[in-house]
Every structure is written in C-alpha cells, then in structure tokens.
Amino acid sequence: MATALAATSLLLLGACASADANETAAAVIEDVESHVEQAEVGADRQSLGISPIDIPIARDVDSVLALAPTRVVFPSLGIDMEVTDVGVDSDNLLIIPESIYTAGWYRAGSAPASDRGATVISAHVDMPIQGVGPFAALRDAEIGAEVTVRDAAGESHVYRVISVERIPKAEVPVDRVFTRAGQPHLVLITCGGSFDVNAQSYSDNYIVTAEKVS
Amino acid sequence: MGVAALATVGLAAPAVADNHDTSDIYVVHGIPGRTVDVYVDGERLLQNFEPRDVAGPVELPAGDYQIQVVAAGETDLSAAAIDEVETVPAAGLSISIVAHLDADGTPVLTPFVNDTSEIAEGEGRLSVRHTAAAPAVDVFLDDALTGFQGVENGGDGDVDVPVGTYSAFVAAAGSDEPAIGPADVEIRNGVNTIVYAVGDLSADPSTATFYIQTIGEPAGSPAGGAGLVAEGANSGLIGGAAALLIALLAGAGIIARRTVVASK
C-alpha cells in the first residue's frame, strides 16, 4: 500500500518538476526504499510451518482428587457418625481414630465416588473409658440393609449389605478386603471375638461388605 | 539450557523417537485459573488454552524457540506473563514444556524430557513432576513413602510399575500428611502416566491438584482399552501379584506395604 502511494506521488512530482520538488521526490524515494527493505526482512523470517488447527489438544478429565467420605449412616443399626481419612502406621496397620464416634476411611483405597474397588471404613468397637462404640452394632447387620456414605462434595452414596463376616485377624484376606478392582463397594470393619486382656486386643474382625446401588 | 535440562532430568541418553529430524513437543497448561494464548517465535499456535490442556505432539527440529504466554485474547506480546526461550537440544526426543508456577508463585516454563524407552509387558510408567508453588515434597504411593523424596519445584522422577490403580499424594518433605491428594492414578499397559502437582499451596490452596498427561495410549481405544483392569482382572494387590509388586517397587526405591486391619 505504502509503495503504491509513493509511486503515484513520484509520477505527480515528475510531471511538474522543479528544484524543490526534486528534493521532496528524493525524500519520498528514500522512504519507499526503507519500506521495501522492511518487507524483505519479514519475508526472510521462517515460519514454523505449523497450522494451529492441526495441533491436537487433550485434557485428562478423569484425574480428580479423591472425594473423602465425611459421614457414614447405617439407620437400621443406629449408626450416624463422622468419617475422617486415615493411612497406615509403620507396622502396616490401618490407623483407627481414637474416638469411638469417629470412623476412619483408608485414604489410599477407593473413594465412594470411584467406579471400582473397596471403600474401606473402620472404627473402634470399644475403648477404655469411652465404652462401647456405634460400630459394635456391625455384628447385627442384616443382608439387604441400607448404608449411606456422604462425601466431601456433598454427594450421598447408597450401599446394600451383601455379607457379614467374622474372621480371625491373622486370616483376614487383606488383598480382597482392600482391593482396588471390581465393582465399587463399601467395607465396614471393626473388632470382635474374644478379648485378650494382656494384649488389649480382640481376636477377630467383623467385616460387613455392601454393594453400591447409587 | 538444552544440555543442562537433560542433565537435571537424569537421563543417561535420550531415547530415540520415531522421527529422526524433529522432536515431539508437548505444551502442558499447568497454571490453574488462567486461560491463555501461546505464541512460538511470534506465531500464535494455541488459542484459549485452558488449565489441564495438553497440546501436541508438535514436531519441531532442534533449536531455540521463543515462547510467550499471554492472557487469552491479549495481542500485546510485551504483556506476556511468560516470555522465555526454550531449547530443543536434539531431534528424536519427546519433551513436555510445562507452563506452571515456580516455588514463589511466578509463572514459568519448565521442559521435561519424557522417557520413551520400552516399557515391559504388564507394566506402565509413572512419572511425577513438581510444578506447584510449594516447597519440596515427598511422594507417597498407596500410602507408602516412595523413593521420590525432597523433590523441589521443577524436579521429577519416573518408575515402571505393574498395571493397576494406585492412590498417590504428595506431602511436605518430611511429613506424611497429604498436601495434595490423594488421587487415583491409573497405570495402563505400555502407557506413561505423568502426574503434575500444580497450583499455589500458600496463596490459594483450593487450586492445588494434579494434572495428568498420558503418552502412549493405543490409538483409537477407549480409556483402559487393554482390558487389564476390568473387574475380576488381576490388578492391584491381589493374591500372588502382591509379592511381585513388593519386589519390583523395592527395587525402584519405593516401599510397598500390605495393609492389615488394626487390632481393637
């Protein structure tokens, strides 16, 4: 564009040449030449040769932080308690909250919103001074009973009991209990069986398994 | 910058990708809360690039490239939030250039060389990269401390593990309380799953999360198309696989532990 205008000006100036007009013409020619130079530099610069439209863009929407359980409610057993997240201690034992009124969700296991695996929640059956806890009622769970777990996003997840087991601690099939595979389900665990006063521990675990229905 | 970048990532020799004249370059948007446009050598290549997005692979020959990241729609490149020259040191590499916050919360670019060496059958590659505005972290896998400890912003690590679902979190170095996570990470057969810790832990903890990039997904298959993590499949800690997992992870510097229900 600048080049075309400059060319037109040159023609007009040439048509009525005078000493002053020649000087002006020279200035215009210089100006045009510098514009042409700049255009040439631009042309030398290599394009990357990549069309933005051809660049694939992916977004992994499946990677989300686990939504921890905040509450477990088992109406037929009178259980309605808060849940906190726990890990394992240096002896590979699941850490149980001190209070008999607080259950612990194994944080390296499946969260309730997960589409597979076991959501494991455990609580003390009883404790010195505190007495008997709500989870003591797990042994009375009936097949088909309903359990609801609420998570940190406010979502309620509903399960139905499919099995109630009492297993000596040394025989608990930990790989099955803590599985990350299979249909999403809930596993509630507490202690039971005979009590060893010297060891201050029970002999067995009660394990209630409930399949996810919604 | 190029050779130094390779050295810090700790690769002995670059793996050779398919293309001998160029390298595969990915651009990862690891800054929560900002939609941006990305210019390379003055050309806008990415528009309305959102957090979590991974662009690429783009094939680029070895050389220096000026990368400018601006707010989406901003045309004044002098106002770029990030304006850096990144070097592709050689052809045949796979590199993820990540826009993220440094330890002080300043937006920067960090190139990570992706390990494209062969992965054994039945395994996938887990990569962890600290790209969050946070101090050094320890990485936990299935609630066990791994060999990745004291990882600073810009640091990373890779390990090959058996196919399965793992729970991962990062804690402040020396602590075992999750600072980001836990989150489930899916390790698929032959796939490199790269977990980026992102966000600003001090200024806005709600932004702290993980972004995932996967390299090596079988073309045209839905997520998990290998069928190895279908229900009933031998994934995770089930039966005899537990012993194999422990041996493998111990060798890689990760301590694996089976959980046992507590007494009482």
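Residues numbered from 1 in each chain as written. Chains lettered and ligands numbered in written order. Predicted model: local features only at pLDDT ≥ 70, side-chain atom pairs only at ≥ 80, totals over all residues.

**Digging into the overall build of chain A**
Here comes step 1: When helices and strands are tallied, chain A shows three helices and eleven strands.
Here comes step 2: In sequence order, chain A lays out its α and β elements as α-α-β-β-β-β-β-β-β-β-β-α-β-β.
Here comes step 3: Among the 214 residues that make up chain A, the fraction classed as buried is 30%. (Helix = DSSP H or I, 4+ residues; strand = E, 2+ residues; numbered from the N terminus. Buried ≥ 20, exposed ≤ 12 C-beta atoms within 10 Å, placed from the backbone.)

**Some details on the overall build of chain B**
Here comes step 1: A tally of helices and strands in chain B yields two helices and 16 strands.
Here comes step 2: Of all 264 residues assigned to chain B, the portion counted as buried reaches 46%.
Here comes step 3: Taking all contacts inside chain B whose residues are at least 6 apart in sequence as the whole, residues at least 24 apart take part in 64%. (Contact = placed C-beta atoms within 7 Å.)

**What about the nonpolar core?**
Here comes step 1: Ranked by internal contacts, the top residues of the largest apolar core, which has 63 residues, are Val38, Ala132 and Tyr196 of chain B.
Here comes step 2: The two domains that each donate at least three residues to this core are domain 1 (1–117) and domain 2 (119–264) of chain B.
Here comes step 3: Once residues lying within four places of it in the same chain are set aside, the contact partners of Tyr196 of chain B are Val28, Gly30, Val98, Arg129, Thr131, Phe210 and Tyr211 of chain B.
Here comes step 4: Of all hydrophobic cores here, the second largest spans 39 residues; its members include Val86, Ile100, Ala108 and Tyr202 of chain A. (Core = buried A, V, L, I, M, F, W, Y, C linked by C-beta atoms within 7 Å. Domains from an automatic or database assignment.)

**Here we look at the sheet that holds strand S1 (residues 23–29) of chain B**
Strand pairs in the sheet, formed through backbone hydrogen bonds, run parallel or antiparallel to each other.
Here comes step 1: The mixed open sheet is built from five strands, whose spatial order is S1(A)-S4(B)-S1(B)-S7(B)-S8(B). Where the open sheet ends on each side, the last strands, each with one partner, are strand S1 (57–59) of chain A together with strand S8 (107–113) of chain B. Strand after strand, the sheet turns through a mean of 25 degrees between neighbouring axes, direction not considered.
Here comes step 2: Pairing analysis gives three bridges linking S1 of chain A to strand S4 (residues 53–60) of chain B, with the strands arranged antiparallel. When the sheet's bridge partners are listed, Ile57 of chain A is paired in S4 of chain B with Ala55 of chain B. (Pairing = 2+ DSSP bridges. Axes fitted to C-alpha atoms, helices over the stretch in contact; angles between N-to-C directions.)

**Here's the deal with unusual backbone geometry**
Here comes step 1: In this model, Gly56 of chain B is joined to Pro57 of chain B through a cis peptide bond whose omega is 5 degrees.
Here comes step 2: Following Gly181 of chain B, the chain continues to Pro182 of chain B via a peptide bond in cis, the omega torsion being 10 degrees.
Here comes step 3: Following the sequence through the fold, Pro182 of chain B ends up in strand S14 (residues 178–187).
Here comes step 4: One non-glycine residue with positive phi stands out, namely Gln200 of chain A, at about 55 degrees.

**What about the pairing of strand S10 (residues 137–141) of chain B?**
All names here are of chain B.
Here comes step 1: Of all five residues in S10, five are buried, a share of seventy percent or more.
Here comes step 2: Side chains Val137, Val139 and Leu141 of S10 all project onto a buried face; the interleaved residues Asp138 and Phe140 project onto the opposite face, where all are buried too.
Here comes step 3: As judged from the five bridges shared by S10 and strand S13 (residues 164–172), these two strands associate in the antiparallel manner. Bridged to Phe140 within S13 is Phe169.

**Here's the deal with the sheet that holds S14 of chain B**
Here comes step 1: Overall, antiparallel pairing links the four strands, which are arranged S11-S10-S13-S14 (chain B) in an open sheet. Taken across any chain shown, the strands that pair with only one partner, and hence form the sheet edges, are strand S11 (144–145) and S14 of chain B.

**Quick word on the domain arrangement of chain B**
Much of the literature gives interface size as the accessible area that the parts lose upon coming together.
All names here are of chain B.
Here comes step 1: According to the domain assignment, chain B consists of domain 1 (1–117) and domain 2 (119–264).
Here comes step 2: Counting residues at the interface gives 21 residues for domain 1 and 22 residues for domain 2.
Here comes step 3: Those elements that place two or more of their residues in the side of domain 1 that touches domain 2 are S1, strand S7 (94–101) and S8.
Here comes step 4: With five residues, the single largest contributor to the side of domain 1 that touches domain 2 is S7.
Here comes step 5: Of the residues belonging to the side of domain 1 that touches domain 2, the class tally is nine nonpolar, eight polar and four charged. (Nonpolar A, V, L, I, M, F, W, Y, C, P; charged D, E, K, R; others polar.)

**Some details on the environment of Val197 of chain A**
Here comes step 1: In this structure, Val197 of chain A sits in the loop between strand S10 (185–196) and strand S11 (201–212).
Here comes step 2: Sequence spacing of Val197 of chain A and Glu155 of chain A is 42 residues, and the spatial spacing of their C-alpha atoms is 41 Å.

**Overview of the pairing of strand S5 (residues 63–71) of chain B**
The two faces of a sheet get side chains in turn, since along a regular strand they alternate between them.
All names here are of chain B.
Here comes step 1: Pairing geometry for strand S2 (residues 36–40) and S5, over five bridges, is antiparallel. Note on S5: the bridge partner recorded for Val36 is Ala71.
Here comes step 2: As judged from the seven bridges shared by S5 and strand S6 (residues 82–88), these two strands associate in the antiparallel manner. Residue pairing in the sheet places Gly63 in a bridge with Val88 of S6.

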